[in-house]
Amino acid sequence: MSDFRLCVLVSGGGTNLQAIMDRIDDGSLSGIVISRVISNNPDAYALERAKKAGIEAVCVSRRDYPDAAAFNSALLSAIKESEPSLVVLAGFLVVLPREVIREFEGRIINIHPSLIPSFCGKGYYGLFVHEAALKRGVKVTGATVHIVDEGTDTGPILIQKPVMVKEGDTPEILQRRVMEEAEWIILPEAIRKMADAEEGREN
Ligand code: GRF
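As a starting point, this report considers the structure included with it.

Here is what the cut-offs are and how they apply
Residues numbered from 1 in each chain as written. Predicted model: local features only at pLDDT ≥ 70, side-chain atom pairs only at ≥ 80, totals over all residues. Heavy atoms only, no water. Phe/Tyr/Trp six-rings, centres within 6.5 Å; stacked < 30°, edge-to-face > 60°. Buried < 20%, exposed > 50% of the residue type's maximum accessible area, 1.4 Å probe, protein only. Helix = DSSP H or I, 4+ residues; strand = E, 2+ residues; numbered from the N terminus. Polar contact = N/O pair within 3.5 Å; in protein donor to acceptor, adjacent residues only side chain to side chain. Contact = heavy atoms within 4.5 Å. Pairing = 2+ DSSP bridges. Axes fitted to C-alpha atoms, helices over the stretch in contact; angles between N-to-C directions.

Considerations on the packing of aromatic side chains
In this structure the tally under the stated criterion is 2 aromatic pairs. Between Tyr65 and Phe71 the ring centres are 6.2 Å apart and the planes differ by 65°, which places this aromatic pair in the edge-to-face class. Their ring planes at 75° and their centres at 5.2 Å tell us that Tyr125 and Phe128 sit as a pair that is edge-to-face. Phe128 gets classed as partly exposed once you look at its relative accessible area, which sits at 44%.

Here it is, written out as structure tokens:
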């Protein structure tokens with residue numbers, strides 16, 4: 001079986017990207033390679049993580065394009081060039097252009113730091129998600145990996161993992177626990193699941 005190729009889209013620190021890289025290195029994600037990492041943010045530490053690992057790291061920044069259409073086209077091209085089996089949104093904070101979703105329909109997954117349908121949709125990203133969970137007073141939160149469709153956090157759910165909220169949690173403490181106990185576990189698991197499903201289709 002030829003390698004199952006990932007194009008990973010990032011915007012920030014890249015801890016989810018790192019989790020994928022670590023599982024590839026330890027053999028949990030055998031037969032899977034990261035063909036390209038793309039960030040919309042030139043300062044994303046995720047790009048440094050990719051470069052250190054010898055993975056092609058590309059920045060497609062909206063500031064470098066005259067309008068949204070040009071940016072969308074450049075992002076689509078950058079993804080297509082990497083010939084991915086799967087596109088992984090790992091802390092990617094840009095609304096994915098419709099042309100990308102259509103080109104890779106059913107082959108884009110996203111990690112969201114809550115148990116969808118709670119605390120998701122427009123405006124719910126990063127720390128805002130955990131602030132909302134703490135404000136609502138939920139006792140259990142977690143993370144979700146879902147297929148990306150043209151909505152916001154609305155595609156079919158692949159994997160979820162619960163995380164307990166603790167007394168005294170701040171948004172930062174809760175975010176870290178959700179990353180450690182859920183995101184960094186279920187995103188590689190979801191990739192394995194998608195790769196196995198594709199292999200099943202091929203055989
Ligand atoms: C974090 O808020 C994480 O919960 C979400 O995206 C943000 C950045 O994560 N998935 P990362 O460290 O860049 O992977």
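Additional details are given in the paragraphs that follow.
Looking at the side chain of Ser11
The residue Ser11 is located in the loop between β1 (4–10) and α1 (15–25) in this model. With a relative accessible area of 7%, Ser11 lands in the buried category. Within the structure, Ser11 has its side chain in polar contact with the backbone nitrogen of Leu93 (distance 2.8 Å). Not counting chain neighbours up to four residues away, the residues in contact with Ser11 comprise Ser39, Asn40, Asn41, Ala44, Gly91, Phe92, Leu93 and Val94.

Re the sheet that holds β1
Strand order in the open sheet formed by 7 strands is β3-β2-β1-β4-β5-β6-β7, with mixed pairing between adjacent strands. Each having just a single partner strand, β3 (57–59) and β7 (157–164) make up the two edges of the open sheet. Neighbour-to-neighbour, the strand axes of the sheet open up by a mean angle of 20°, direction not taken into account. Pairing between strand β6 (residues 140–147) and β7: 7 bridges, direction antiparallel. Bridge pairing links Thr144 to Gln160 in β7. Against the sheet, helix α2 (residues 45–52) contacts β1, β2 (32–39) and β3, and its axis sits at roughly 150° relative to β3. Packing against the sheet, helix α6 (residues 171–202) makes contact with β1, β2, β4 (86–89), β5 (108–112), β6 and β7, and its axis sits at approximately 160° to β7.

Keep in mind these values describe shape, not function.
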